[in-house]
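Take a look at the letters that make up each chain.
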Amino acid sequence: MRDLLGGVSGDRLPQAEYKADFRQRDFAVDGYDSWKLERRQDFQQPEDASWRAYLEGDRSKAWELIEARRDDLLQLSRLATDHACRLLRVRVVEFPLIPYLAWELEVLRVRAQCGELIRVVGPELIAPYELDRPLPELVTLGPDTVYDISYDEAGILNGATRYVDHAARDRVAEFISRLYDQGEDIETFMARLPVER
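Residues numbered from 1 in each chain as written. Predicted model: local features only at pLDDT ≥ 70, side-chain atom pairs only at ≥ 80, totals over all residues. Heavy atoms only, no water.

S.K.: How would you explain empty space enclosed by the protein if you had to name every residue and give the values?
M.R.: Scanning the model with the defined rule gives one cavity of 30 Å³ or more in all. Approximately 50 Å³ is the volume found for the largest cavity. Lining the largest cavity are R25, D26, F27, A28, V29, Y32, D33, S34, C85, L141 and G142. Residue composition of the lining of the largest cavity, by class: six nonpolar, two polar and three charged. (1 Å grid on protein atoms, 1.4 Å probe; cavity = no way out; pocket = protein on both sides within 12 Å on 5 of 7 lines; lining within 4 Å. Points joined across faces, edges and corners; volume = space filled by probe spheres on them. Nonpolar A, V, L, I, M, F, W, Y, C, P; charged D, E, K, R; others polar.)

Printed below as a string of structure tokens:
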């Protein structure tokens, strides 16, 4: 991570500030793809009704609530297109799947059907970069912004560290892009993954 950032110092943003900053910077400059790397396997999203339904064992309701997001996700993809921006994501998946990841993969499948470009990689692909610690959760926005997203012990979002530097943003985007090029499309991955419905 330090090599990717090139020694750039970042600003720690609590959750509310991070979300506000993200909204302000998102699509502020046209023509820049947004890259996301998801490494962590277990999160908690107590605010998400679909996730709560899944945890309670009501999978049909969980999938129905995911499907209900389709219009918003299509609108997001249209907005990205209007700003000459692709939304690209690499999701690291380890087996056996834990419940959170089984649920999130269904969310990602719908996101991909609505226009996001999502690929899956296994942990073996990133092992050379994790000799000291797991890779962080990273997102790039615009020409110069990288967020290192952080979570508490329970896996609940608690903010991010924001780095603003053109070269750092380019290095992070290139790193995630290389992983993306080696990944498997989410649709083909899901097609061979048994998912209880």
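This is not the end of the story, as more comes after the structure.
S.K.: Could you give an account of the packing of aromatic side chains, with specific residues and numbers?
M.R.: According to the stated counting rule, one finds 13 aromatic pairs in the structure shown. Between the aromatic rings of W51 and Y54, the centroid separation amounts to 6.1 Å while the plane-to-plane angle is 15 degrees, which identifies the pairing as stacked. Placement of both W51 and Y54 in helix α3 (residues 49-55) is noted, with a separation of three residues, approximately one turn of the helix. Comparing W51 with Y54 shows no difference in burial state: the two are buried. For the pair Y54 and W63, a centre-to-centre distance of 5.7 Å together with 45 degrees between the ring planes defines the contact as tilted. On the basis of relative accessible area, Y54 is assigned to the buried category, the value being 8%. Three or more aromatic residues joined by ring pairs form one cluster here, namely F43, W51, Y54, W63, Y100, W103 and Y151. (Phe/Tyr/Trp six-rings, centres within 6.5 Å; stacked < 30°, edge-to-face > 60°. Helix = DSSP H or I, 4+ residues; strand = E, 2+ residues; numbered from the N terminus. Buried < 20%, exposed > 50% of the residue type's maximum accessible area, 1.4 Å probe, protein only.)

S.K.: I'd like a description of the nonpolar core, backed by residues and values.
M.R.: Counting residues in hydrophobic clusters, the biggest one holds 20 residues, and the most contacted among them are L37, V90, V172, F175 and I176. Contributing elements (two or more residues each) for this core: α1 (2-5), β2 (34-38), β3 (87-92) and α8 (166-182). When residues of this core are assigned to their parent elements, the largest contribution, seven residues, is made by α8. Setting aside residues up to four positions removed in sequence, F175 forms contacts with L4, L37, Y129 and L135. Counting 13 residues, the second largest nonpolar core, distinct from the first, contains A53, I66, W103 and V110. (Core = buried A, V, L, I, M, F, W, Y, C linked by side-chain atoms within 4.5 Å. Contact = heavy atoms within 4.5 Å.)

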